[in-house]
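Below are the chains, spelled out letter by letter.
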Amino acid sequence: MSLLDVRDLTTSFQTGGGEVTAIENVSFSLEKGEILGIVGESGSGKSVTALAIMGLLPRPPARVLGGSVRFEGQDLLTLSDRSMQRLRGPGIAMVFQEPMTSLNPVFTIGEQIMETIRAHESLSQKDSFARAVEMLEKVGIPAATTRMSDYPHQLSGGQRQRVMLAIALVCRPRLLIADEPTTALDVTIQAQILELLMDLRDEFGMAIIMITHNMGVIAETADRVLVMYAGRVVEQAPVGRLFDHPLHPYTRGLLSCVPTLDQDQDRLIAIPGSLPEPSRRPSGCRFSARCVHAIPACSDVIPPLEIFEQSHAAACIRVGDFA
Amino acid sequence: MPALLEASGLTKHYDVETGGFFRRSKAALRAVDGVNLTIEPGETLGLVGESGCGKSTLGRLLIRLIPATAGRVMFDGMEITSLGPKALRAARRAMQIVFQDPFGALNPRMSVEETIMEPLLIHGSRRGAASRDAVTRMLDMVGLAESARHRFPHEFSGGQRQRIGIARALILRPKLVVCDEPVSALDVSVQAQIVNLLSDLQTELGLTYLFIAHDLGVVKHISTRVAVMYLGKVVEVADKRSLYARPLHPYTQALLASVPVTHPSQRRRGTIGQPRITGDIPTALAPPSGCRFHTRCPHVMPICRTDEPAMRQSGAGHQAACHLIAADPPM
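Residues numbered from 1 in each chain as written. Chains lettered and ligands numbered in written order. Predicted model: local features only at pLDDT ≥ 70, side-chain atom pairs only at ≥ 80, totals over all residues.

Peer 1: How should I be thinking about the overall build of chain A in this particular structure?
Peer 2: Helix and strand content of chain A: 12 helices and 12 strands. Computed over its C-alpha atoms, the radius of gyration of chain A comes to 21 Å, within 12% of the 20 Å expected for a compact globule of 323 residues. With the C-alpha coordinates of chain A rotated into their principal frame, the extents come out at 65 × 50 × 40 Å. Burial analysis of chain A (323 residues in total) assigns 48% to the buried set. Expressed as a percentage of contacts within chain A between residues at least 6 apart in sequence, the contacts between residues at least 24 apart total 64%. (Helix = DSSP H or I, 4+ residues; strand = E, 2+ residues; numbered from the N terminus. Rg over C-alpha atoms; globule rule 2.2 N^0.38 Å. Buried ≥ 20, exposed ≤ 12 C-beta atoms within 10 Å, placed from the backbone. Contact = placed C-beta atoms within 7 Å.)

Right, here's the structure in full:
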C-alpha cells in the first residue's frame, strides 16, 4: 500500500463567471520516504492539489467534484473535519511559500511551535518547551532557547522558513507538503533550506511533496516528478528519466527555455503564447494552443496520461512521433 | 570608445528611525556605499546580488531617478548628478527604465496607446499623427498586435504587460535602459520570450542595458559583463565568461555554488564540494567592519575583520575586492 494514493482528483471554484474547474483527474501515488516533485506554472493546479489533499480548500467557493485521496489506506475526502484536524500535524503537514504571512505576528515563535505540540499530544509545558527547542535546533536556528521568545518580525526570511519547518515537523509527520518553500528566498538561503529538507527526510523518513516552478529545485531534490499544466498532469517520470528523455512538448519546453549556468546559447528557446486563464482553457490538449508540434487532432480530445516505459507516462498523442 | 556611463564613489544613505516608539533614534541605512562602475556603449552589464544588497537602488541612482548622497555619475560626457531640473529632464530622454512588476508599473486607467505615448508628450511631442505612428512602430517592435492599442493593462497577461512597459521605455529611443528584474515576476515559460525580445531590441536599436536580476542563469545568458553586489558594495566585476568560469570573490563563488543543479546527476549532496556559506545577509543599518562579507566567508582571515579590501585587478577586465586576491603587477 502506498503512503498516499490520489486518484482522479477533480476540483472546481465558483467564480463570478460561473464554476471553473481548477484541477482535473489528477492521479499519483507516493511511497514512504519518497520525494515527489510537482512542477508547474501559475494556474497549473499544483497548489490546489496540495490544498485538496490537506482538506484546506475554502468550501465554498471550492468544491471537490470527484476522485479520492487515500492516505495510509484512508480516504481523506470522506473524513470529518475533526478527524482531518487530528491528522494534520502528525500525519500530513504543510509549509507555504510566504513564511511571513504564515506565522502569526503577535505570538512568539516558541508559542506557535508549542501550540502545535499541544494540539496533538498531551505533554507538560516543560516537555513541550524542550521539544520545541530541540526542533528549532534541528532546523538550524542558532541559540534556540533564546530565540523561542522572538516574534516573527525579528527573524530573517530564511529563519522564518526554518521556523515554519519546525512547526510542520514537530509532530513528526509521515508526509510533508512543501509548497514553493524557497521561492521567496535568496539563492544562498534556498540552498540551505533544500539541504535541510533532504537531511530531515533522511532522519525522519518522511515523504515530501515538493511543489515548485523551478526545474533546478526538482533536479536538486525530487525522486519522481509530476508535471502539471492548466490543471492536468501532462507527464510523470522518475527524475533522471524526465531530465534525460522528457516526452511531453511542455516538459521539453520548460527544460529548454530556462538559461542555465552550464550552457551557452545565442537565443533562448521560448514557448510561444501565455498560460490560459482557467475559464479560457482550450479544448482538447490544454497545451495545444502553444505547442509547436500541435496537429488538428490535438484540439479534439484531451489526451489521457499513458505509460510509455519504465513508469514514465505522458499525456500527448504525438509522443510516438518524437521517439 | 569612452564609457557611456561612469559612476564614482556613488553613495545612497537613507535615514531610518530605529528603536521602539519611545526610544527613537536615527540611523543611516547604507543602501549603496561608494560604488565605482562603468557601462560601455552597446554592452549589457548584468548586476546581481541578493535581496537588500542595493542593486535596485544603484540602478535608480545611475539614471538619477533618486538623488545620490555622495559621488557622481557621468553619462555620455555629462555629469548628471548636478543637473538642474530642466537639464535633467532633457537628459532623461536618453536614460529609461523597465520595472519588475508589470502589474504595478502601468496606470490601469490609461490605454496602451496613452501609456506608450506618454513619454513622447512629456518630452514635447504633440498628440498627433506622428505620435500615433510612433506608437504603431513600437507595438510592432515589441510584438503586440495593432488591436492592443485601445485596450487597457488589465486585459493583458504579465508577459504582454511587460512588452507594453518595454515599448514605453523605448519610444524615446534612449541610449541606456535600466532593466530592473524585468522577467522575475513572469512565469518561466514566458521569461524566455521577454529575454529574447530585449536581445533583439538591443541589436535593432543599438541599446545599452544595465540588467538587474537575481537569477544567475538569466544574467549569464544576456550579459556582456557582470557586477556582483553585496551589502551596498560592488565586490566583483568581470567579463561574463571570466566571472562564471573563474569567480574570484568568495561571495561570488558561494552564489554560483548555491544555484540549483540543472540535471539530477549533478547533485552535490554528500560530496565534498565547495563550502556552502551559512547565515543570512547582515543588515545595511550596521554593516560588518572591514570586508562586509567576513561574517559569512569560509576563508575569513584576521585582516578581513578590520580592513576593507580595495578593488584589485586580476586578469583582463576582472576585478574583485578581496584580501585573498594577489593583484596583477602594475604594468
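Peer 1: Sorry if this is basic, but what is going on with the overall build of chain B here?
Peer 2: Across its full length, chain B holds 10 helices and 12 strands. The globule rule puts the C-alpha radius of gyration for 331 residues at 20 Å, and the 21 Å found for chain B is close to it. In terms of its C-alpha atoms, chain B occupies a principal-axis envelope of roughly 65 × 55 × 50 Å. Residues counted as buried form 46% of the 331 residues belonging to chain B. In chain B, of all internal contacts separated by at least 6 residues, the share reaching a separation of at least 24 is 64%.

Peer 1: Looking at this structure, I do not really get the sheet that holds strand 5 (residues 78-79) of chain B. What am I missing?
Peer 2: Sheet strands pair by backbone hydrogen bonding; their relative direction is either parallel or antiparallel. All names here are of chain B. Read from one edge to the other, the open sheet built from four strands follows the order 2-1-4-5, with strand pairing classed as antiparallel. Every interior strand has two partners, whereas the edge strands, strand 2 (25-39) and strand 5, have only one. Relative to strand 2, strand 1 (residues 5-18) runs antiparallel, the two being bridged by 12 bridges. Bridged to alanine 7 within strand 2 is leucine 37. (Pairing = 2+ DSSP bridges.)

Peer 1: Help me out: how do you make sense of the nonpolar core in this one?
Peer 2: The nonpolar side chains of a soluble globular protein tend to be buried, and buried together. One finds Ala166 and Ile209 of chain A together with Leu210 and Phe211 of chain B to be the most contacted residues of the largest nonpolar core, which totals 188 residues. Excluding residues within four positions of it along the chain, alanine 166 of chain A makes contact with Ile113, Met135, Leu136 and Val139 of chain A. (Core = buried A, V, L, I, M, F, W, Y, C linked by C-beta atoms within 7 Å.)

Peer 1: What is the right way to look at the packing of helix 8 (residues 187-204) of chain A against helix 9 (residues 250-258) of chain B in this model?
Peer 2: Packed helices, taken two at a time, are described by their axes: the angle between them and the distance between them. Between helix 8 of chain A and helix 9 of chain B, the shortest axis-to-axis distance is 8 Å and the interhelical angle comes to 50°. The angle between the axes of helix 8 of chain A and helix 9 of chain B places the two elements in the oblique class. For helix 8 of chain A against helix 9 of chain B, the interelement crossing comes out left-handed. For the pair formed by helix 8 of chain A and helix 9 of chain B, the contact residues are Val187, Thr188, Gln190 and Ala191 of chain A on the first element and Ala254, Leu255 and Ser258 of chain B on the second. Here the residues of the contact of helix 8 of chain A with helix 9 of chain B sort into four nonpolar, three polar and no charged. (Axes fitted to C-alpha atoms, helices over the stretch in contact; angles between N-to-C directions. Parallel < 35°, antiparallel > 145°, perpendicular 65-115°, else oblique. Left-handed = near helix turned anticlockwise from the far one by under 90°. Nonpolar A, V, L, I, M, F, W, Y, C, P; charged D, E, K, R; others polar.)

Peer 1: When you look at helix 8 of chain A in this model, what are you seeing that I'm missing?
Peer 2: The α-helix winds at 3.6 residues per turn, so residues separated by three or four positions along the chain end up facing the same way. Relative to the 26 Å expected for 18 residues at 1.5 Å per residue, helix 8 of chain A spans 26 Å between its end C-alpha atoms, a close match to the ideal helical length. Buried within helix 8 of chain A are the following residues: Val187, Thr188, Ile189, Gln190, Ala191, Gln192, Ile193, Leu194 and Leu197 of chain A. Looking at the buried positions of helix 8 of chain A, the neighbouring elements they touch are helix 7 (157-169), strand 7 (175-179), strand 8 (207-212) and helix 9 (215-221) of chain A together with helix 9 of chain B. Once helix 8 of chain A finishes, glycine 205 of chain A follows within two positions and takes phi at roughly 65°, a positive value. (Expected span 1.5 Å × (residues − 1).)

Peer 1: For this particular structure, what's the right way to read helix 6 (residues 188-205) of chain B?
Peer 2: All names here are of chain B. In this model, helix 6 (18 residues) spans 26 Å end to end at C-alpha, consistent with the 26 Å of a helix rising 1.5 Å per residue. Those residues of helix 6 lying buried are Val188, Ser189, Val190, Gln191, Ala192, Gln193, Ile194, Val195 and Leu198. Glycine 206, located one to two residues past helix 6, shows a positive phi value of around 65°.

Peer 1: Help me understand the interface of chain A and chain B, please; the structure alone is not making it clear to me.
Peer 2: Accessible area lost upon the coming together of the parts is a frequently used measure of interface size. Listed as interface residues are 39 residues of chain A and, on the opposing side, 36 residues of chain B. Within the side of chain A that touches chain B, the residues separate by chemical class into 18 nonpolar, 15 polar and six charged.

Peer 1: Would you mind going over unusual backbone geometry with me for this structure?
Peer 2: Leave glycine aside and you will find that most residues have negative phi; peptide bonds, for their part, are mostly trans. For the bond from arginine 59 of chain A to proline 60 of chain A, the omega torsion is -15°, close enough to zero to count as cis. For proline 60 of chain A, the position within the fold is in the loop between helix 1 (46-54) and strand 4 (62-71). Cis geometry marks the peptide bond from proline 60 of chain A to proline 61 of chain A; its omega dihedral reads 10°. Summarising the element assignment, proline 61 of chain A is placed in the loop between helix 1 and strand 4. For aspartate 76 of chain B, which is not glycine, the phi dihedral falls at a positive 55°. Tracing the sequence through the fold places aspartate 76 of chain B in the loop between strand 4 (70-75) and strand 5. Among the residues examined, aspartate 76 of chain B registers 16 C-beta atoms within 10 Å and is labelled partly exposed. Even without being a glycine, leucine 231 of chain B presents a positive backbone phi close to 50°. In this fold, leucine 231 of chain B is placed in the loop between strand 9 (225-230) and strand 10 (233-239).

Peer 1: Even after reading the chapter, I still don't get the sheet that holds strand 2 (residues 18-30) of chain A, so can you show me in this structure?
Peer 2: Residue and element names in this part refer to chain A. An order of 2-1-4-5 is seen for the four strands of this open sheet, with the pairing classed as antiparallel. Every interior strand has two partners, whereas the edge strands, strand 2 and strand 5 (74-75), have only one. Here eight bridges tie strand 1 (residues 4-15) to strand 4, and the two strands are oriented antiparallel to one another. Counted as the bridge partner of phenylalanine 13 is alanine 62 from strand 4. Contacts from helix 1 reach strand 1, strand 2 and strand 4, with the element oriented near 110° to strand 1.

Peer 1: Would you mind going over the environment of arginine 312 of chain B with me for this structure?
Peer 2: Residues and elements named next belong to chain B. With respect to the secondary-structure elements, arginine 312 resides in strand 11 (residues 312-313). The partly exposed category is assigned to arginine 312, around which 17 C-beta atoms lie within 10 Å. Taking the C-alpha atoms as reference, arginine 312 lies 24 Å from alanine 213; in sequence the two are 99 residues apart.

Peer 1: Help me understand the pairing of strand 7 of chain A, please; the structure alone is not making it clear to me.
Peer 2: Regular strands have side chains that alternate between both faces of the sheet. Residues and elements named next belong to chain A. With five of five residues buried, strand 7 lies mostly within the body of the structure. Burial along strand 7 is two-sided: Leu175, Ile177 and Asp179 and Leu176 and Ala178, pointing in opposite directions, are all buried. Summarising the sheet, strand 6 (residues 92-95) and strand 7 pair through four bridges and their orientation is parallel. Looking at the pairing, valine 95 lines up with alanine 178 of strand 7. As paired elements, strand 7 and strand 8 share five bridges and run parallel to each other. By the bridge assignment, aspartate 179 is partnered in strand 8 with isoleucine 211.

Peer 1: Any chance you could explain the packing of helix 3 (residues 112-122) of chain B against helix 4 (residues 129-141) of chain B here in plain terms?
Peer 2: Residue and element names in this part refer to chain B. Two elements in contact, helix 3 and helix 4, have axes separated by 10 Å at closest approach and are oriented at 115°. Considering only the axes of helix 3 and helix 4, their crossing is right-handed. Here helix 3 contributes Glu113, Ile116, Met117 and Leu120 to the contact with helix 4, which in turn contributes Ser131, Ala134, Val135 and Met138. Of the residues belonging to the contact of helix 3 with helix 4, the class tally is six nonpolar, one polar and one charged.

Peer 1: What am I meant to see in the confidence of the model for chain A here?
Peer 2: Note that predicted coordinates carrying low pLDDT should not be read in detail. Confidence along chain A averages 90 in pLDDT terms, with 99% of residues attaining 70 or more. Ranking the elements of chain A by mean pLDDT puts helix 3 (residues 99-102) of chain A last, at 75, and strand 3 (residues 35-39) of chain A first, at 97. (pLDDT = per-residue confidence, 0-100.)

Peer 1: In this structure, what is going on with the pairing of strand 8 (residues 208-212) of chain B? I would like to understand it.
Peer 2: Residue and element names in this part refer to chain B. Among the five residues of strand 8, five are classified as buried, and the element is accordingly described as predominantly covered. Side chains Thr208, Leu210 and Ile212 of strand 8 all project onto a buried face; the interleaved residues Tyr209 and Phe211 project onto the opposite face, where all are buried too. Judged from the four bridges that link them, strand 3 (residues 44-48) and strand 8 form a sheet pairing that is parallel. Bridge assignment links threonine 44 to a residue of strand 8, and that residue is tyrosine 209. In terms of strand pairing, strand 7 (residues 176-180) meets strand 8 through five bridges, oriented parallel. Along strand 8, the bridge assignment pairs leucine 176 with threonine 208. Viewed along the sheet, the connection from strand 7 through helix 6 into strand 8 turns out right-handed. (Right-handed = clockwise from strand over helix to strand, strands pointing away.)

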